[in-house]
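Here is what each chain is made of, one letter per residue.
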Amino acid sequence: MKTNPVIQAAIDLTAGAVGGTACVITGQPFDTAKVKMQTFPTMYQGLVDCFVKTYKQVGFRGFYKGTTPALVANIAENAVLFMCYGFCQNIVRKIAGLDRKANLSDLQNAVAGSFASAFATLALCPTELVKCRLQAMHEMKLSGQIVQQHNTVWSVIKSVLQKDGPLGFYRGWFSTLLREIPGYFLFFGVYELSRTFLAFGKPKEELGPVALMLSGGFGGMCLWIAVYPVDCIKSRIQVLSMAGKQTGFMRTFASVVKNEGVFALYSGLKPTMIRAFPANGALFLAYEHSRKLMMNQFDS
């Protein structure tokens, strides 16, 4: 039975939201450490030091600062991402002259994922800005760059609206776009290549949970290795703009390299890589299984 395009889009959107939820639940403490270390690299000597200081200063809840916007960000991003991924796969099929149900090559899937990520940035950027600011709020106060500390999602939202208006939520959007397009080319490309390799000639749809998690984990790690410096600049722009007008991507990039060195662009890489494998493995496992379940319901 051929699934209606509208129903198919709803299935992809819902499955993406389920995957995004699984991703956040699995990796939030490491994401918090990543943002803190990216934005204030001189405050922490490493991942363990960041965890210890965070626990001493604000307790266990400090690791889950920004969880609500992180959930919203990941649910929104992955819902839009996977819904657009389905649309972009159909566009790639048309360009390649393939039938609507034809399987795409791993490279074609990577291209579709890269296109889809551009649309996802529109949903991701505002929620990720709120998340990053909440995660680094304590450090901003400690460093004396802000006087008033905002500890809730709503207080951060109000401060953005009062200071910059609605467009303030899109600070760092260009950096987000620069990160997503090449990152998700690798993300989906490596995921599909890994599934092809682990299938050993069998249909990829028959892969079990372990193979799906391994494929998603490899895809996530390749994404972050490739685009981490861009993500570091994005975090700086989104967090430090609280204290005043923050320069754009190129000026921020040049300033970090000149004043702190190239390695500052990799601050927080360790927690990111630790998080990437299980979080993205959980994302694709949840996405594939929820999607298959819903597809079976509508095809039966």
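Predicted, not measured: the structure shown is a model, and the values here were computed from it.

Colleague: Would you mind going over the overall build of the chain with me for this structure?
Modeller: The number of helices and strands found in the chain is 10 helices and zero strands. From first element to last, N terminus to C terminus, the chain shows the α and β order α-α-α-α-α-α-α-α-α-α. What you see for the chain is a C-alpha radius of gyration of 20 Å, in line with the 19 Å of a compact globule of 300 residues. For the chain, the spread of C-alpha atoms along the principal axes amounts to about 60 × 40 × 35 Å. Counting only residues that meet the buried cut, the chain has 54% of its 300 residues in that class. With the model as given, the accessible surface of the chain reaches about 13800 Å², and the carbon-plus-sulfur share is 68%. Distance from the positive charge centre (30 side chains) to the negative charge centre (17 side chains) of the chain: 8 Å.

Colleague: Explain the UniProt feature "repeat: Solcar" (unreviewed entry) in the chain to me, please; I cannot follow it from the model alone.
Modeller: The positions that UniProt labels "repeat: Solcar" (unreviewed entry) are, in the present scheme, residues 7-91, 104-197 and 207-293. Annotated as 82% helix and 0% strand, the span residues 7-91 places its first and last C-alpha atoms 18 Å apart.

Colleague: Looking at this structure, I do not really get the pattern of salt bridges. What am I missing?
Modeller: Using the criterion set out here, one finds 16 salt bridges in the structure. Between K36 and E139 there is a salt bridge whose closest N-O contact spans 2.9 Å. Remark: E139 occurs in helix 5 (residues 137-142) and K36 occurs in helix 1 (residues 5-39); sequence separation between them is 103 residues. Residues K36 and E139 agree in their burial class; the two are buried.

Colleague: For this particular structure, what's the right way to read a nonpolar patch on the surface?
Modeller: On the surface, a cluster of nonpolar side chains totalling about 350 Å² of accessible area is made up of Y55, F60 and Y64. Summarising the element assignment, Y55 is placed in helix 2 (residues 47-58).

Colleague: Would you take a moment to explain unusual backbone geometry for this structure?
Modeller: Phi is mostly negative for residues that are not glycine, and the peptide bonds are mostly trans. With phi around 50°, F200 is a residue other than glycine that occupies positive phi space. Positionally, F200 belongs in the loop between helix 7 (173-199) and helix 8 (209-240). A residue is classified by how much of its surface remains accessible, and F200, at 65% relative accessible area, is exposed.

Colleague: Would you mind showing me how to read the nonpolar core here?
Modeller: Within soluble globular proteins, side chains that are nonpolar tend to cluster in buried spots. By size, the foremost hydrophobic cluster in this structure holds 31 residues, and its most contacted members are L81, F82, F188 and F284. Breaking this core down by element, the ones donating at least two residues are helix 1, helix 3 (67-96), helix 4 (106-135), helix 7, helix 8 and helix 10 (269-299). Per-element tally for this core: the top contributor is helix 10, with nine residues. With 16 residues, the next largest nonpolar core counts V35, F40, V130 and V160 among its residues.

Colleague: Explain the packing of helix 7 against helix 8 to me, please; I cannot follow it from the model alone.
Modeller: When two helices pack together, their arrangement is captured by the angle between the axes and the distance separating the axes. Two elements in contact, helix 7 and helix 8, have axes separated by 7 Å at closest approach and are oriented at 170°. Comparing the axis directions of helix 7 and helix 8 gives the class roughly antiparallel. Broken down by class, the residue content of the contact of helix 7 with helix 8 amounts to 20 nonpolar, nine polar and four charged.

Colleague: Sorry, what's going on with helix 7 here?
Modeller: Owing to its 3.6 residues per turn, the α-helix brings residues three or four apart onto one side. With 27 residues, helix 7 extends 37 Å between its outermost C-alpha atoms, agreeing within 8% with the 39 Å of an ideal straight helix rising 1.5 Å per residue. The largest bend along helix 7 reaches roughly 30° and is located at G183. A positive backbone phi angle near 50° is found at F200, which sits one or two residues after helix 7.

Colleague: Even after reading the chapter, I still don't get the UniProt feature "transmembrane region" (unreviewed entry) in the chain, so can you show me in this structure?
Modeller: Under the UniProt annotation, "transmembrane region" (unreviewed entry) lies at residues 207-228. Along residues 207-228 one finds 91% helix and 0% strand; the C-alpha atoms at either end are 30 Å apart.

Colleague: I would appreciate a short explanation of the packing of aromatic side chains in the present structure.
Modeller: When we look at a pair of aromatic rings, we describe it by the centre distance and by the angle of the planes. Under the defined criterion, the tally for this structure stands at 18 aromatic pairs. Consider the rings of F174 and F249, whose centres lie 6.4 Å apart with planes at 80°: the pair is edge-to-face. In this pair, F174 is assigned in helix 7 and F249 in helix 9 (residues 249-260), connecting sequence segments 75 residues apart. For F174, a relative accessible area of 47% translates into the label partly exposed. With 5.5 Å between their ring centres and 85° between their planes, F218 and F277 make a pair best called edge-to-face. Residue F218 is found in helix 8, and its partner F277 is found in helix 10; the two are separated by 59 residues along the sequence. Judged by relative accessible area, which is 26%, F277 ranks as partly exposed. Put simply, the rings of F82, Y85, Y184, F187, F188, Y191, F284 and Y287 pair up and form one aromatic cluster.

Colleague: So what exactly am I meant to see when it comes to the environment of T152 here?
Modeller: Mapped onto the elements, T152 comes out in the loop between helix 5 and helix 6 (153-164). Spatially, the C-alpha atoms of T152 and G220 are 29 Å apart, while their sequence positions differ by 68 residues.

Parameters at a glance
- Residues numbered from 1 in each chain as written.
- Predicted model: local features only at pLDDT ≥ 70, side-chain atom pairs only at ≥ 80, totals over all residues.
- Heavy atoms only, no water.
- Helix = DSSP H or I, 4+ residues; strand = E, 2+ residues; numbered from the N terminus.
- Rg over C-alpha atoms; globule rule 2.2 N^0.38 Å.
- Buried < 20%, exposed > 50% of the residue type's maximum accessible area, 1.4 Å probe, protein only.
- Areas by Shrake-Rupley, 256 points an atom, 1.4 Å probe, with all protein chains shown as cover.
- Lys, Arg positive; Asp, Glu negative; His and termini not counted.
- Charge placed at Lys NZ, Arg CZ, Asp CG, Glu CD.
- UniProt positions renumbered as here; feature names shortened; annotations may be inferred.
- Salt bridge = Lys/Arg side-chain N within 4 Å of Asp/Glu carboxyl O.
- Patch = residues over 30% accessible without salt bridge, like charges linked within 9 Å, V, L, I, M, F, W, Y side chains within 5 Å.
- Core = buried A, V, L, I, M, F, W, Y, C linked by side-chain atoms within 4.5 Å.
- Axes fitted to C-alpha atoms, helices over the stretch in contact; angles between N-to-C directions.
- Parallel < 35°, antiparallel > 145°, perpendicular 65-115°, else oblique.
- Nonpolar A, V, L, I, M, F, W, Y, C, P; charged D, E, K, R; others polar.
- Expected span 1.5 Å × (residues − 1).
- Bend = angle between axes of the 7 residues up to and from the residue.
- Phe/Tyr/Trp six-rings, centres within 6.5 Å; stacked < 30°, edge-to-face > 60°.

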